[in-house]
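Report on the structure
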Amino acid sequence: MLTYILRRLGAGALLLGIVTMVTFVIFYGVPRMAGQTVEQLAAMYVGRAPTPAAIEATIERLNLDQPIAVQFWEFLKGIFIGADYQYGRDIVHCSAPCFGYSFQNNTEVFGEIVKRLPVTFSLAIGAGVLWLIGGVAVGVVSAIKKGSIFDRVAMGVALAGVSMPIFFTGLLALAFLVHSWKILPNASYTPFTENPVAWASGLFLPWVVLAFLHAAQYARQTRAGMLETMGEDYIRTARAKGLKERTVVLKHGLRPTLTPILTIFGLDIGLVLGGAVLTEQVFSLNGIGRYAVNAIAYKDLPVVLGVTLFGAIFIVVCNLLVDLLYPLVDPRVRAAH
Amino acid sequence: MTNPGTRTAGSGDPVVSVRDLSITFASMDGDVHAVKNLSFEVPAGGALGIVGESGSGKSVTSLALMGLHRGSKARMSGGLTVAGVDVVSAPDSRIRAMRGNDIAMVFQDPMSSLHPQYTIGNQLIEAYRTHRPKASAAEAKARSIDALERVGIPEPAKRINSYPHEFSGGMRQRVLIAMGLVCEPKVLLADEPTTALDVTVQAQILDLLDDLRQDLGMSLILVSHDLAVVAGSVDEVLVMKKGEAVERGDVRSVLSSPEHPYTRSLLAAVPRVEVSRAQRRAEVRADRAAAQQAAPQAEATPKGSVKDSGSGVAKGELLLSVTDVRQKFKVRGGMFGRTTDFYAVDGVSFDLYQGETLGIVGESGSGKSTLSRMVMRLLQPTEGSIVFEGNDITRLPERKLRPLRRDIQMIFQNPYSSLNPRLTVGDSIGTALRVQGEGDGKLIKRKVQELLERVGLEANHYNRFPHAFSGGQRQRIAIARALILNPKLVICDEPVSALDVSTQDQVLRLLSELQDDFDLTLIFVAHDLAVVRQVSDRVAVMRKGKVVEMGDGDAVYENPQHDYTKQLLAAAPILDPDEAKRQRSARQQLRKQVSAVV
């Protein structure tokens, strides 16, 4: 078991290393390969009116004239031991996990991301819980009452849910629920520690909208899985023991169905944690996704790179968690390791 | 049970009473009558065997006894009472209270009938507490350990925390029986409880069921397609065909003087371990000659007329020579993911001569399938050599092997999964020709159709898909696929073990006819001793990767040298009820001896 955990951890770390390298090369190496000169590259970072001096300083600061391997090494050094940047005669120290500075407003990328993390976290956790519970519940009922009115309506809505993008459902919800009918307050973020009620009510709308999209997929998956599981021999055994149908479904049927869903959930949560770009944009929530969108608009490369890496980290970590949880859920996996 | 007086069969009121039971399923083509006007009774402590082929309605009947038809689209009429509960009309809650408490069921496939994600303890305790809601957790656990001990699970207090995948098939079936026993039901219903198991394990499970019936005074309903399985364990037999009872009566009289022709044909189909190959061959040939005389024009291949090639072993040329082959697999395990070597086949040698049949008998895990895969060169032996017609094919690369593939073909065990469901029968069979370089589509079609007729199917089956065929027909398709290339050697890996007894007999007859007609050399791998005896000139008994005994078929069967062979032979099911009971006590003796040696 210990070897299993260690192996998984090692694989995760290796994967992150590779992702970092590939991302770095895409942002700093590919433009050069495409024929951009170092000066052109630097000019993009300087801003609207690049003076030759400013360009020169930028090249110096980012080691743009060095080979890509050296640049990557400096970047890695920044992440693990921090980096010093020179602005004229001043030297600014950027401490340990240093992802560089935003070109736009000279703020530390890591700090900015950490500042926005609680927003994205709150959004992901709330929506995740909603879509998991909602989707699975609908899927189970649909499977048990296969062919009923409930099943047909639920699966129809699920199909619609999967097909409609957030900027459609989100804007629709804003227009009707918030502005026309005034049922729900507009989306806002209040830290949980300050006021849990305001936290929940402010995020309720984005949660529901984001959850709707995912719940639809979970409902369909659960229904299909449940239908398969309920045809298994061990379900017949459970019935032959004289168990109540509810026990048969919830104890014997649900667990095997949920096992593969756990895998998808890990991926989805990781993806949302890396920035629910559309949801945050639609509801003007200042999370990682929104930060990324702004950065892209301003070609703020260090920010884009930082956000991308964070997204990758979340996905790798969530997958790792799922892999580690899996043996607890399915004893057969334990035997295989 | 409280009343030891119920032990003697036939006394008291019946615990199970079925009167004029009919079960109908609505389908697209009208109603399907799965069970028609069935009546029987099982007295307290009595044992009934229900025998029939697949589709005879025996499984539908046993599900109905448990009330498990509820919620499906089945319609029921007639009377069905189990331990005083009217299964047809009682409310669901009453049925649930009956299931597991008054009547418990043991299912066919122990591998899939236990929940893989809960410990067996969890599943046993759950069964107990459902019917004894007042029982404490500790009491339920104690009862579960008792039940596991009763069915012969070693160290039950420890094993109760194990998961199903940590048990072998036979052990899982014991766990399922224990699960049935925890509430001390009045009736134990076993639906093909041994079909998925090895011969020796089958004998153990049947012995266990018999023991439990004697000790606990339970009634037993044993459902099987094989009369021989039922013979030693029941008092009464009910033979079913197409939903109807064709014969019912005392087991001795039904088996010794069957009245219905269907019962007689079922009896004739049961492979008997005491019938030698020569007898069997003579019988098949006689039947065939009679059939040809009756309909001389019907036979498509006049060349296949009966010719007496002399009885016994006619040694031809050396075709295959296997020397000391071993196959190593790496098994992951241990603390740090260390791998240990495991030899699935551990030093096997034999020679095979043109036209003979070598039977390989062994239980699951004995390495017989691995051995046949090596001869096929689907696996490369780790050590040793395989020489086919003078060519060493042990390490031949795939490209050079391809022309030789024409000469060695294989028939697989499970006809349901060995045919591609998306290919028509014609394509499945014809592909082999195409792969071997035949380009003429019309010629391929003609050859395939000829062969389809030869194996007992029809030429117009060419464009059908496998799902339209029964298990026996599918195995015929698989045989045609193996024969289309005119192979010299055909390896049959458990070709009939997934089939009903009567279908089994037909397929075996077909194989022996084809062997005569096509001059085939066969390696016949099976776990069923009787089947192997009937087809083999020589027999090799395998255990744990090694051949423990090899020799002339009749010699091995009549005068077994190795203890394991004796044990296997003792485990073979026997049709004579009294003889079966004698064997049962002999088995207990032998088991003690063998465990003492090990």
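Rules used throughout
- Residues numbered from 1 in each chain as written.
- Chains lettered and ligands numbered in written order.
- Predicted model: local features only at pLDDT ≥ 70, side-chain atom pairs only at ≥ 80, totals over all residues.
- Pairing = 2+ DSSP bridges.
- Helix = DSSP H or I, 4+ residues; strand = E, 2+ residues; numbered from the N terminus.
- Contact = placed C-beta atoms within 7 Å.
- Axes fitted to C-alpha atoms, helices over the stretch in contact; angles between N-to-C directions.
- Parallel < 35°, antiparallel > 145°, perpendicular 65-115°, else oblique.
- Left-handed = near helix turned anticlockwise from the far one by under 90°.
- UniProt positions renumbered as here; feature names shortened; annotations may be inferred.
- Nonpolar A, V, L, I, M, F, W, Y, C, P; charged D, E, K, R; others polar.

Notes on the sheet that holds strand 4 (residues 75-82) of chain B
Residue and element names in this part refer to chain B. Pairing within the open sheet is antiparallel, and its four strands lie in the order 2-1-4-5. The sheet is open, and its two edges are formed by strand 2 (30-43) and strand 5 (85-86), each paired on a single side. In terms of strand pairing, strand 1 (residues 14-27) meets strand 4 through seven bridges, oriented antiparallel. Note that in strand 4 the partner of R19 across the bridge is G79. The strands touched by helix 1 (residues 58-65) are strand 1, strand 2 and strand 4; relative to strand 2, the strand with the most contacts, the crossing angle is about 65 degrees.

A closer look at the packing of helix 14 (residues 425-435) of chain B against helix 16 (residues 471-483) of chain B
Residues and elements named next belong to chain B. The interhelical angle for the contact between helix 14 and helix 16, taken along N-to-C directions, is 25 degrees, at an axis separation of 8 Å. Relative to helix 16, the element helix 14 lies roughly parallel. Crossing angle aside, the handedness with which helix 14 passes helix 16 is right-handed. Together, V425, S428, I429 and A432 of helix 14 and I477, A480 and R481 of helix 16 make up the contact between the two elements.

Observations regarding the UniProt feature "domain: ABC transporter" (unreviewed entry) in chain B
In the numbering used here, UniProt assigns the "domain: ABC transporter" (unreviewed entry) feature to residues 18-267 and 320-569 of chain B. For residues 18-267 of chain B, the end-to-end C-alpha separation is 26 Å, with 38% helix and 27% strand making up the annotated structure.

Some words on the sheet that holds strand 17 (residues 489-493) of chain B
Residue and element names in this part refer to chain B. In space, the six strands of this open sheet follow the order 16-17-18-13-19-20, with mixed pairing throughout. The open sheet has two edge strands with one neighbour each: strand 16 (408-411) and strand 20 (546-552). Neighbour to neighbour, the strand axes of the sheet diverge by 15 degrees on average, direction disregarded. With five bridges joining them, strand 13 (residues 357-361) and strand 18 (residues 521-526) adopt parallel strand pairing. Directly across from L358, in strand 18, lies its bridge partner I523.

Comments concerning the UniProt feature "transmembrane region" (unreviewed entry) in chain A
Under the present numbering, the feature "transmembrane region" (unreviewed entry) in UniProt falls on residues 12-30, 119-141, 153-177, 197-216, 261-283 and 303-326 of chain A. With 100% helix and 0% strand, residues 12-30 of chain A has end C-alpha atoms that lie 26 Å from one another.

Details of the UniProt feature "domain: ABC transmembrane type-1" (unreviewed entry) in chain A
UniProt's entry tags residues 117-326 of chain A with the feature "domain: ABC transmembrane type-1" (unreviewed entry), counted in the numbering of this structure. Helix makes up 81% of residues 117-326 of chain A and strand makes up 0%, while its end C-alpha atoms are separated by 27 Å.

Section: the interface of chain B and chain A
With 25 residues of chain B at the interface, the matching set in chain A holds 19 residues. Of all elements in the fold, only helix 2 (92-98) and helix 3 (120-131) of chain B reach the threshold of two or more residues within the side of chain B that touches chain A. A total of four residues in the side of chain B that touches chain A trace back to one element, the largest contributor, which is helix 3 of chain B. Looking at the side of chain B that touches chain A residue by residue, the classes come out as 11 nonpolar, 10 polar and four charged.

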